[in-house]
Amino acid sequence: AAAVTVQDMTFANKQLSAYNYASQVRVSMQLLQDNAFDLNAFLAESMGERIARATNGAFTTGTGSSQPQGIVTGSTLGKTAASATAITADEILDLIHSIDPSYRNKESFGLMAHDNVISAIRALGIGSSNDFPIFIPSMEAGQPDKLFGHNVYYNNDMESSIATGKKTLIAADFSKYVVRSAGGVQFVRLNERYMDELEVGFVAYARKDAAVLDTRAVKHLLQA
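Before going into details, it helps to say that this report is about the structure given with it. Here the structure is a predicted model, which means the values were calculated and not measured.

1. Description of the overall build of the protein
And step 1. Secondary structure summary: the protein contains six helices and eleven strands in total.
And step 2. Expected size for 224 residues packed as a compact globule is a radius of gyration near 17 Å; at 23 Å, the protein overshoots this value by more than 25%.
And step 3. The dimensions of the protein, computed from C-alpha atoms along their principal axes, are 75 × 60 × 35 Å.
And step 4. Within the protein, buried positions represent 35% of all 224 residues.
And step 5. Contacts spanning at least 24 positions in sequence make up 75% of the contacts within the protein whose residues lie at least 6 apart.
And step 6. Of the roughly 13000 Å² of accessible surface on the protein, a fraction of 50% belongs to carbon and sulfur atoms.
And step 7. Taking the average location of the 19 positive side-chain charges in the protein and that of its 23 negative ones, the two points are 6 Å from each other.

Printed below as a string of structure tokens:
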């Protein structure tokens, strides 16, 4: 019949703004009239990719000042590599296990690095006498590769070289990195603005912000 102990929760406040990302092109009326395929659809897709590449860069290494906070920027130190120019399998394991199992055992947990860094990690298993492969390539299109049983994601906005002071590998519960989208990508056609030059303008824009909500769930490997 003992009383239940009261333990209040402590909350912090994280403000997410909406930074603008935009792309504009101008197309001649002659090209619009003469093209043999759906140019509007092509422009919408291409300009959407422009915005996606710009926002991915911000979501990766953005400073958080007048722009989104990148996941690398918001991460905390999980493991410092012994070498400035190499990564070992043991160091990857130490990085993974620097994160509490309550985050590590979620489906949203995984690792992320530049393609060059993942290539160096894949090479660790070549010629190794270890019967357990640390890197397992996906056998199904659209499904991620595995590193020590965890999903691994390629992000070429991360550090491309393994060098002194570089944050080369991220281990994270990615549900703790939040992206705010103030509406989707908008695509606008400007029919009149450039008509004196017989051109039509196209503008695509999106408003987004992002931040790490829990630094205990997002950690990086730092080269010595």
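Once you've had a look at it, read on.
2. Looking at the side chain of Thr-60
And step 1. Mapping Thr-60 onto the fold places it in helix α2 (residues 39–61).
And step 2. Given a relative accessible area of 1%, Thr-60 falls into the buried group.
And step 3. One polar contact links Thr-60 to Asn-155, side chain to side chain, over a distance of 2.9 Å.

3. Remarks on the packing of aromatic side chains
And step 1. The final tally for this structure, using the stated rule, is three aromatic pairs.
And step 2. Their ring planes at 85 degrees and their centres at 5.7 Å tell us that Tyr-153 and Phe-174 sit as a pair that is edge-to-face. Highlighted residues: Tyr-153 in strand β6 (residues 150–154) and Phe-174 in the loop between β7 (167–173) and β8 (177–181), separated in sequence by 21 residues.
And step 3. Classification of Tyr-153 as partly exposed rests on a relative accessible area of 31%.
And step 4. With a centroid separation of 5.8 Å and 20 degrees between ring planes, the pair formed by Phe-187 and Phe-202 is classed as stacked.

4. Observations regarding the sheet that holds strand β11 (residues 218–222)
And step 1. Read from one edge of the open sheet, seven strands run β2-β11-β7-β3-β6-β5-β4, paired in mixed fashion. What marks the edges here is a single partner per strand, and that holds for β2 (76–80) and β4 (135–136).
And step 2. Examined bridge by bridge, strand β3 (residues 109–113) and β6 share four bridges and lie parallel to one another. Note on β6: the bridge partner recorded for Leu-111 is Val-152.
And step 3. Docked against the sheet, helix α6 (residues 115–122) engages β3, β4, β5 (145–147), β6 and β7, running at close to 135 degrees with respect to β6.

5. Observations concerning the nonpolar core
The nonpolar side chains of soluble globular proteins are, as a tendency, buried together.
And step 1. Of all hydrophobic cores here, the largest spans 34 residues; its most connected members are Ile-71, Ile-92, Leu-111, Ile-121, Leu-147 and Leu-169.
And step 2. In contact with Leu-147, not counting residues within four places along its chain, are Ile-92, Leu-111, Ile-121, Ile-134, Phe-135 and Val-152.
And step 3. One finds Tyr-21, Leu-39, Ile-51 and Ala-204 within the second-largest nonpolar core, a separate group that totals 13 residues.

6. Structural notes on unusual backbone geometry
And step 1. Unusually for a residue other than glycine, Phe-148 sits at a positive phi of about 55 degrees.
And step 2. Along the polypeptide, Phe-148 turns up in the loop between β5 and β6.
And step 3. In this structure Phe-148 comes out as buried when scored by relative accessible area, which is 17%.
And step 4. Phi at Leu-198 is positive, roughly 55 degrees, even though this residue is not glycine.
And step 5. If you trace the backbone, Leu-198 turns up in the loop between β9 (186–190) and β10 (199–212).
And step 6. Leu-198 sits in the partly exposed class, given a relative accessible area of 43%.

7. Observations regarding α2
And step 1. For α2, built from 23 residues, the straight-helix expectation of 33 Å at 1.5 Å per residue is met to within 8% by its first-to-last C-alpha distance of 33 Å.
And step 2. Listing the buried residues of α2 in full gives Leu-39, Leu-43, Met-47, Ile-51, Thr-55, Gly-57, Ala-58, Phe-59 and Thr-60.
And step 3. At its buried positions, α2 is contacted by β1 (19–28), α1 (29–34), α3 (71–74), β8, β9 and β10.
And step 4. Of the residues that open α2, the one with a side-chain oxygen 3.3 Å from the backbone nitrogen of Asn-40 is Asp-38.

8. Re α6
And step 1. Looking at α6, one finds that the buried residues are Val-117, Ile-118 and Ile-121. For α6, the arc enclosing every buried residue in end-on projection is 100 degrees, short of the 170-degree limit, so these residues lie on one face.
And step 2. In this structure, the buried side of α6 is in contact with α4 (89–97), β3, β4, β5, β6 and β7.

Criteria and thresholds
Residues numbered from 1 in each chain as written. Predicted model: local features only at pLDDT ≥ 70, side-chain atom pairs only at ≥ 80, totals over all residues. Heavy atoms only, no water. Helix = DSSP H or I, 4+ residues; strand = E, 2+ residues; numbered from the N terminus. Rg over C-alpha atoms; globule rule 2.2 N^0.38 Å. Buried < 20%, exposed > 50% of the residue type's maximum accessible area, 1.4 Å probe, protein only. Contact = heavy atoms within 4.5 Å. Areas by Shrake-Rupley, 256 points an atom, 1.4 Å probe, with all protein chains shown as cover. Lys, Arg positive; Asp, Glu negative; His and termini not counted. Charge placed at Lys NZ, Arg CZ, Asp CG, Glu CD. Polar contact = N/O pair within 3.5 Å; in protein donor to acceptor, adjacent residues only side chain to side chain. Phe/Tyr/Trp six-rings, centres within 6.5 Å; stacked < 30°, edge-to-face > 60°. Pairing = 2+ DSSP bridges. Axes fitted to C-alpha atoms, helices over the stretch in contact; angles between N-to-C directions. Core = buried A, V, L, I, M, F, W, Y, C linked by side-chain atoms within 4.5 Å. Expected span 1.5 Å × (residues − 1). Arc of directions from axis to C-beta.

That is the geometry; function is a separate question.
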